Amino acid sequence: MTAPPPRSPLLEARQLRFSRNDIPVFGPLDFSVDAGEALLVQGDNGAGKTTLLRVLAGLLRPEGGQVRLQGQPADPLSRAQSTAYLGHLPGAKADLGVRENLDYLCGLHGRRATPSLEEALDVVGLGGFEDALVRQLSAGQKKRLSLARLWLSPAPLWLMDEPYANLDLEGIELVNRMVRAHLDEGGASLVTTHGAYAAPPVRTRLLALEKPT
Ligand SMILES: Nc1ncnc2c1ncn2[C@@H]1O[C@H](COP(=O)(O)OP(=O)(O)OP(=O)(O)O)[C@@H](O)[C@H]1O
């Protein structure tokens, strides 16, 4: 019996590098993440973690190198479709309600057929806040709204920039439960951290970012 061909990584970066005004921010980097895995991206303030995630999401153009998704070269459009980005700013409209915002964000980024918006809000602990205005939410509640958007996303690759920031202990456990469930379903996650926060208790690779000299 012949062995099945090896499966391509969900995400692979080759010699990926980024500069701003000719000043190197990161790279060249080589790394890969398989379905069912998390990659912990560690580095000090300014090491380039957010920039790397934004490049992978297709929001910034790398200076060089390649990004492959499931073995195929990925242009910015396919990167945008295959990734869900959880950033520092929730991207929500302050004067709209929580459910309205989630609906709007899912309209922009796409969503799975299930669960419903209300179920997703329950999962992240925002049940009962459906009609609250986003500007009335705390920082942690806004982060939970972003997590609800992630939970509804059909994208296999989650790009999570400091997902534990502003969350209480229960929120940290929520992030870990979500990452574990996403990986169990065949997804993958990149999680940035300064190293001081908790890390998801899942099969994890490590990418240490240092400022280029
Ligand atoms: N919009 C921007 N314009 C110019 N320089 C920027 C911009 N955003 C980030 N930088 C610079 O790029 C470098 C990398 O920033 P980045 O936000 O990727 O780091 P980080 O590792 O995510 O940091 P932190 O842990 O503080 O969030 C820093 O030197 C930063 O000053």
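Below or above, wherever it landed, is the structure these notes cover. Please read all numbers here as calculations on a predicted model, not as lab measurements.

Moving on, we come to helix α6 (residues 169-184). In this model α6 runs 23 Å from its N-terminal to its C-terminal C-alpha over 16 residues, within 8% of the 22 Å that 1.5 Å per residue would give. Those residues of α6 lying buried are Gly-171, Ile-172, Leu-174, Val-175, Asn-176, Met-178, Val-179, His-182 and Leu-183. The inward-facing, buried residues of α6 contact β3 (38-42), α4 (117-123), α5 (139-152), β7 (157-160) and β8 (188-193). Immediately downstream of α6, the backbone of Gly-186 shows phi near 95 degrees, a positive value.

Before going further, it helps to spend a moment on the nonpolar core. Ranked by internal contacts, the top residues of the largest apolar core, which has 33 residues, are Leu-102, Leu-145, Leu-147 and Met-160. For this core, the secondary-structure elements that each account for two or more residues are β3, β6 (83-86), α3 (98-109), α4, α5, β7 and α6. If sequence neighbours within four positions are ignored, Leu-147 has contacts with Leu-86, Val-124, Met-160, Leu-167, Leu-174, Val-175 and Met-178. Listed in part, the 28 residues of the second largest apolar core include Phe-18, Leu-69, Leu-157 and Ala-188.

Moving on: unusual backbone geometry. Cis peptide bonds are those with omega within 30 degrees of zero, and the linkage from Gly-27 to Pro-28 qualifies with 5 degrees. Mapped onto the elements of the fold, Pro-28 is located in strand β2 (residues 23-33). Residues Thr-114 and Pro-115 are joined by a peptide bond in cis, for which omega reads 0 degrees. With respect to the helices, strands and loops of the structure, Pro-115 is situated in the loop between α3 and α4. One non-glycine residue, Gln-15, lies in the positive phi region at around 50 degrees. In this structure, Gln-15 sits in strand β1 (residues 11-20). By relative accessible area, Gln-15 is classed as partly exposed at 41%. Although it is not a glycine, Asn-21 adopts a positive phi angle of roughly 50 degrees. Relative to the elements of secondary structure, Asn-21 occurs in the loop between β1 and β2. A relative accessible area of 72% places Asn-21 in the exposed class.

Looking at the ligand, the residues that line it are Arg-20, Val-25, Asp-44, Asn-45, Gly-46, Ala-47, Gly-48, Lys-49, Thr-50, Thr-51, His-88 and His-194. Separating an oxygen atom of the ligand from a backbone N or O atom of Gly-46 is a distance of 2.8 Å. At 3.2 Å from an oxygen atom of the ligand is found a main-chain nitrogen or oxygen belonging to Ala-47. Looking at the shell around the ligand residue by residue, the class counts come to two nonpolar, seven polar and three charged.

What follows deals with the side chain of Lys-143. Assignment of secondary structure puts Lys-143 in helix α5. At 7.5 Å, Glu-162 is the nearest oppositely charged side chain to Lys-143, a buried residue that forms no salt bridge. What Lys-143 contacts, discounting residues up to four positions off in sequence, is Leu-86, Glu-162, Pro-163, Tyr-164, Ala-165 and Leu-167.

On to the sheet that holds β7. Taken together, the five strands give an open sheet; going across it, the order is β6-β7-β8-β3-β9, and neighbouring strands pair in parallel fashion. Strands with a single pairing partner mark the edges of an open sheet, and in this sheet they are β6 and β9 (204-208). Averaged over all pairs of adjacent strands, the angle between their axes in this sheet comes to 15 degrees, without regard to strand direction. Where β6 lies against β7, four bridges are found, and the strand directions are parallel. Within β7, the position partnered with Leu-86 by the bridge is Met-160. Sitting on the sheet, α5 is in contact with β6 and β7, with an inclination near 175 degrees to β6. Each of β3, β7 and β8 is contacted by α6, which is oriented at about 155 degrees to β7, the strand it contacts most.

Criteria and thresholds
Residues numbered from 1 in each chain as written. Predicted model: local features only at pLDDT ≥ 70, side-chain atom pairs only at ≥ 80, totals over all residues. Heavy atoms only, no water. Helix = DSSP H or I, 4+ residues; strand = E, 2+ residues; numbered from the N terminus. Expected span 1.5 Å × (residues − 1). Buried < 20%, exposed > 50% of the residue type's maximum accessible area, 1.4 Å probe, protein only. Contact = heavy atoms within 4.5 Å. Core = buried A, V, L, I, M, F, W, Y, C linked by side-chain atoms within 4.5 Å. Near = heavy atom within 4 Å. Polar contact = N/O pair within 3.5 Å; in protein donor to acceptor, adjacent residues only side chain to side chain. Nonpolar A, V, L, I, M, F, W, Y, C, P; charged D, E, K, R; others polar. Lys, Arg positive; Asp, Glu negative; His and termini not counted. Salt bridge = Lys/Arg side-chain N within 4 Å of Asp/Glu carboxyl O. Pairing = 2+ DSSP bridges. Axes fitted to C-alpha atoms, helices over the stretch in contact; angles between N-to-C directions.

Honestly, that's just the spatial picture; any functional story needs more than this.
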